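Architecture at a glance
Chain by chain, the residues:
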Amino acid sequence: MNMIYNSEQYSVVEFGADRNLEALRFGGYEIVDKAGRREAFIGGKLAQTFRRDVNNLIASEPTMEEIDDFLGSYDTLMSQPVVLH
């Protein structure tokens, strides 16, 4: 597990590939919307697409606002509430 992004609005944690677990066969990402107090885990083919799109975004040397806008495109997937215990 590796935190790859952290802003006031979002954080992204990357999970390495694990061929023994189907959900992590291609690795996975947890995206947290801090203000909305919700999160999503993406794995499988969607994780591959996310990784490709992140690499393309990074190549353009984006601002933090542009990265947050990109992560905002995943808002519809963020249905799990963030609960602290």
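Reading the values: the criteria
- Within each chain, residue numbers correspond to sequence positions counted from 1 in written order.
- pLDDT decides what is reported in this predicted model: residues at 70 or higher carry local features, side-chain atom pairs at 80 or more are listed and counted, and totals for whole chains, interfaces and linings draw on all residues regardless.
- As a convention, hydrogens and water are excluded, and side-chain values are obtained from all of the structure's heavy atoms.
- Relative accessibility under 20% of the residue-type maximum defines a buried residue, over 50% an exposed one, and the middle range a partly exposed one, all with a 1.4 Å probe and only protein chains included.
- Per the convention used, a helix needs a DSSP run of H or I reaching at least four residues, while a strand needs a run of E reaching at least two, with both numbered from the N terminus.
- Working note: the arc is built from the helix axis to C-beta atom directions.
- Inter-axis angles, ranging from 0 to 180 degrees, are taken between N-to-C directions of lines fitted to C-alpha atoms, where helices are fitted over the stretch in contact.
- Comment on the angle field: the value is read as roughly parallel under 35 degrees, roughly antiparallel over 145, roughly perpendicular from 65 to 115, and oblique elsewhere.
- Take the far helix as your reference; a near helix turned counterclockwise from it by less than a right angle gives a left-handed crossing, and one turned clockwise gives a right-handed crossing.
- Note on contacts: a residue pair is in contact if any heavy atoms of the two residues lie within 4.5 Å.
- Only Asp, Glu, Lys and Arg are considered charged, only Ala, Val, Leu, Ile, Met, Phe, Trp, Tyr, Cys and Pro nonpolar, and every remaining residue, Gly among them, polar.
- To estimate the expected span of a helix, count its residues, drop one, and scale the result by 1.5 Å.

Attention now goes to helix H2 (residues 64–72). Every buried residue of H2 is listed here: Ile67, Asp68, Phe70 and Leu71. Each buried residue of H2 sits inside an arc of 155 degrees when the element is viewed along its axis, so together they form one side. Of the exposed residues in H2, the ones pointing more than 90 degrees away from its buried face are Glu65 and Asp69.

What follows is about the packing of helix H1 (residues 44–59) against H2. Remark: H1 packs on H2, axes separated minimally by 11 Å, with the N-to-C direction vectors making an angle of 160 degrees. Between H1 and H2, the interaxial angle falls into the category roughly antiparallel. In terms of crossing hand, the pair formed by H1 and H2 is right-handed. Facing H1, whose interface residues are Phe50, Asp53, Val54 and Leu57, H2 presents Ile67, Phe70 and Leu71. In terms of residue class, the contact of H1 with H2 is built from six nonpolar, no polar and one charged.

Quick look at H1 now. Look at H1: 23 Å from first C-alpha to last across 16 residues, which is about the 22 Å you get at 1.5 Å a residue. Turning to H1, its buried residues number three or more, namely Gly44, Ala47, Phe50, Val54 and Leu57. All buried residues of H1 lie within an arc of 95 degrees about the axis, which places them on one face of the element. Along H1, exposed side chains directed more than 90 degrees from the buried face belong to Lys45, Asn56 and Ala59. As for H1, its buried residues are in contact with strand S2 (10–15), strand S3 (28–33), strand S4 (38–43) and H2. The positive-phi residue at the C-terminal boundary of H1 is Glu61, with phi of around 50 degrees.

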